[in-house]
There are 2 protein chains.
Amino acid sequence: MRIEDIAKEAGVSIATVSRVLNNPQIVKKETRDRVLAVVTKHDYVPDSLARGLMTRHSKTVGVLIISVSNSYYMEITETIQRRLREAGYMMLLGATDDSPELERRYILDFASRRVDGIIVIDASHENYASGFYPRAAAKRPIVLVHSDEAIRASGMREVFLDQRLGMRRAMDHLWALGHREVVFLRGREGFSYDLKQEAWSDWLLEHGAEPRPELVLRIDEGNTEDAVPLAEEAVSQALRGGLVRSAIFACNDLQARGAVSAVTKSGLRIPEDLSIMSHDNTILAVSGRVQLTSVDLKMKSVGLAASELLFQAMGGGGIEGASRRIEPELVLRDSTGRACNG
Amino acid sequence: MRIEDIAKEAGVSIATVSRVLNNPQIVKKETRDRVLAVVTKHDYVPDSLARGLMTRHSKTVGVLIISVSNSYYMEITETIQRRLREAGYMMLLGATDDSPELERRYILDFASRRVDGIIVIDASHENYASGFYPRAAAKRPIVLVHSDEAIRASGMREVFLDQRLGMRRAMDHLWALGHREVVFLRGREGFSYDLKQEAWSDWLLEHGAEPRPELVLRIDEGNTEDAVPLAEEAVSQALRGGLVRSAIFACNDLQARGAVSAVTKSGLRIPEDLSIMSHDNTILAVSGRVQLTSVDLKMKSVGLAASELLFQAMGGGGIEGASRRIEPELVLRDSTGRACNG
DNA sequence: CAAGATAATGTAAGCGCTTACATAGAGGAA
DNA sequence: TTCCTCTATGTAAGCGCTTACATTATCTTG
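For clarity, every value in this text was computed on a predicted model and none was experimentally measured. (Residues numbered from 1 in each chain as written. Chains lettered and ligands numbered in written order. Predicted model: local features only at pLDDT ≥ 70, side-chain atom pairs only at ≥ 80, totals over all residues. Heavy atoms only, no water.)

### Remarks on the interface of chain A and chain B
With 54 residues of chain A at the interface, the matching set in chain B holds 54 residues. Summed over the three residues of chain A that lose the most area to chain B, namely L49, M90 and R113 of chain A, the buried surface amounts to 15% of that side. Run the count over chain A and chain B and you get 10 salt bridges. The partner of D43 of chain B in a salt bridge is R135 of chain A, and the shortest N-O contact between them spans 3.6 Å. Linking chain A with chain B are 23 residue pairs in polar contact (both at pLDDT 80 or more), by the criterion used here. Secondary structure elements with two or more residues in the side of chain A that touches chain B: α4 (48-55), α5 (71-86), β2 (90-95), α6 (100-112) and α13 (253-265) of chain A. Per element, the largest residue contribution to the side of chain A that touches chain B is seven residues, and it comes from α5 of chain A. (Contact = heavy atoms within 4.5 Å. Buried area = accessible area lost by both parts, 1.4 Å probe. Salt bridge = Lys/Arg side-chain N within 4 Å of Asp/Glu carboxyl O. Polar contact = N/O pair within 3.5 Å; in protein donor to acceptor, adjacent residues only side chain to side chain. Helix = DSSP H or I, 4+ residues; strand = E, 2+ residues; numbered from the N terminus.)

### Digging into the relation of the copies chain A and chain B
In this arrangement, two copies of a chain are superimposed by a rotation about an axis accompanied by a shift along the axis. The transform that puts chain A on chain B rotates by 180° and translates by 0.0 Å along the axis, for an RMSD of 0.1 Å. Such a combination of turn and shift is consistent with a two-fold rotation axis. A symmetric contact is evident, with 98% of the interface residues of chain A recurring at the interface of chain B. (Least-squares fit on C-alpha atoms with pLDDT ≥ 70 in both.)

### Some thoughts on the pattern of salt bridges
In the structure shown here, the tally under the stated rule is 62 salt bridges over all chains. Between K265 of chain A and E232 of chain A there is a salt bridge, with its nearest N and O atoms 2.9 Å apart. Remark: E232 of chain A occurs in helix α12 (residues 227-240) and K265 of chain A occurs in helix α13; sequence separation between them is 33 residues. Residues E329 of chain B and K298 of chain B are paired through a salt bridge, measuring 3.4 Å at the closest nitrogen-oxygen approach. One end of the pair, E329 of chain B, is in strand β12 (residues 329-331); the other, K298 of chain B, is in the loop between β10 (293-296) and α14 (299-314), and 31 residues separate them in sequence. Residue classification places E329 of chain B among the partly exposed positions, given a relative accessible area of 39%. Salt bridges linked by common partners bring R2, E4, D5 and K8 of chain A together as one network. (Buried < 20%, exposed > 50% of the residue type's maximum accessible area, 1.4 Å probe, protein only.)

### Side note on the protein's contact with DNA strand C
In the vicinity of DNA strand C lie 26 residues, with R19, T31 and M54 of chain A together with S18 and Y44 of chain B positioned nearest. Considering the 4 Å shell around the protein, atoms of DNA strand C inside it are sugar or phosphate in 62% of instances. Separating a phosphate oxygen of DNA strand C from a backbone N or O atom of S13 of chain A is a distance of 2.7 Å. Listed by contribution, the elements that provide at least two residues to the surface near DNA strand C are α2 (14-22) and α4 of chain A together with α2 (14-22) and α4 (48-55) of chain B. Residues of the surface near DNA strand C, tallied by class, amount to 13 nonpolar, six polar and seven charged. (Near = heavy atom within 4 Å. Nonpolar A, V, L, I, M, F, W, Y, C, P; charged D, E, K, R; others polar.)

Below, the structure is given as structure tokens:
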């Protein structure tokens, strides 16, 4: 069914059909109804490729995340998807596997599909520094969600996820409870682990404590479900080695769950004997016997902010003020308590 | 940058540029290199809207799921997304909130975007019965992922998720362990709860046991994180009422986690005093202190099968044999054991 | 009721590509 | 050389729409 067929059947020109579809009020009610009848009769939907070719927009937004199968990204994807739908946009979703190269390919592909805007979650420093984002942003609105100081100061549209603040809040809380030694449990590699470790280290230094290397427990997986047993194993071992004496900071809830298992199995109580601070505040934080104190990155707010910024941009808004900072929140639960030996 | 600009700069006609991009081998190496140089120089990517208008395909596939923020769907979305990318397709992702109406709107929208194919996860019976899917499938390949006997027999391309078999395996397992009374814990509403309850009920009847209504525990939420405390509360209450004596079947891992909390808090041991059978086998099943025996729906296989079917269809394959059945698998862990009073 | 104003519809150009067909150039056989 | 074949490139139509502009129908109003 093409617009021509509808026009023929309704006895009007294709221009009239187009008007009925795009500017109903300017066509006489009588004609309009006749056309609409034919349209609904055939379930006719105009070809948005052809339409986009003329109008220069596709009512489509490209969204990039590192991984689809990660609870941590679920909430932000959900939020963005919902907002886009409400505004009549479709979402093209791509997973980059944390590869800047793949990210670039996706963005070029988005461009060729004439998306009206792009949201990059966990934007890579590399693609910013090489000038790729700015170049792409010159052609169509791009919103960067990131935790990178350089991007923050770039003047691009961006949502800054203040992870250092989250770390500070977590450490402050432990400190206030009397913990003077905090073991740092992390995954193998990845920007966010490095950032957190740096923040952990800096914080300790600021408070006159030493970020001793043996306090860093590194497991080989980060975010898959294998992280749970690996973290458990790592913590058990550290426990046996007498390294864990006051508190543990885990980089995500999976690792924290593993830590909890290790600690309970060793006969110690949480939080009486040992505190565990977690990060991400996913469903895992509340699904076990001991509910985890966890840093919540407020991904819903992040998603909302990113969508808002993008809509503004797509509506022709300028770059000024197109910048947000979201504060992580510490959610207190049962896994942290006063230090017993503090 | 349009093809015309490239042509002009390379000193050739637009047809030649097009050929360089689509059929490199038919243009003389010398010319080709000259064109390619200009193309890369400007990061030129052809407008896929214009291209799609001619070629009649968009290299895009529409995927529909009920909810983005549900661990249960993460794996299948991930699998499909990965397969699509490998094959050079982009994924338009829509969340239907379990609304057949919204599902229809999405499918129409997909159609207008000239997607090359559509995958509907948890296809609705309503849209099948009303003839909507078949009508849509006449115009472009559609693969339905579902647990609906009617759709299974429809002759459409479909992946049948044999949930009844999963239930049977779960119940057989409990029965073999000596459990003769199985409490059924479920969410408020939704096809899959009804299907499971029916299977539970049928199974009991077949084994000469009675599916007594008071054995059905229904909480007001199903899949959000609120389900955990609600399930805990429901189970605690049933425990106090003396209703839970041998085993509990929970419709998903969230509910099972709530059940575990209730049971442990009441002082009973798992699985010595009470067994808990879970469903979905998400990360939650392995993240707590007691690891849950759970029915795994093999969503990765489902996703693979769905993609395969779609690729076949998009490649021009016929409808015959475009049908798969995936068997759920029972993953045995620590939450189920021999009945103590069996 | 003529005639200018206005509302409703039609005509046709063109969005950026692909591709059938036309054309030109190069090489080889007679 | 002439004619034919083959290869490389150009020309132009057309994909299904939107929209500026042209045209025709319908009102106003003196």
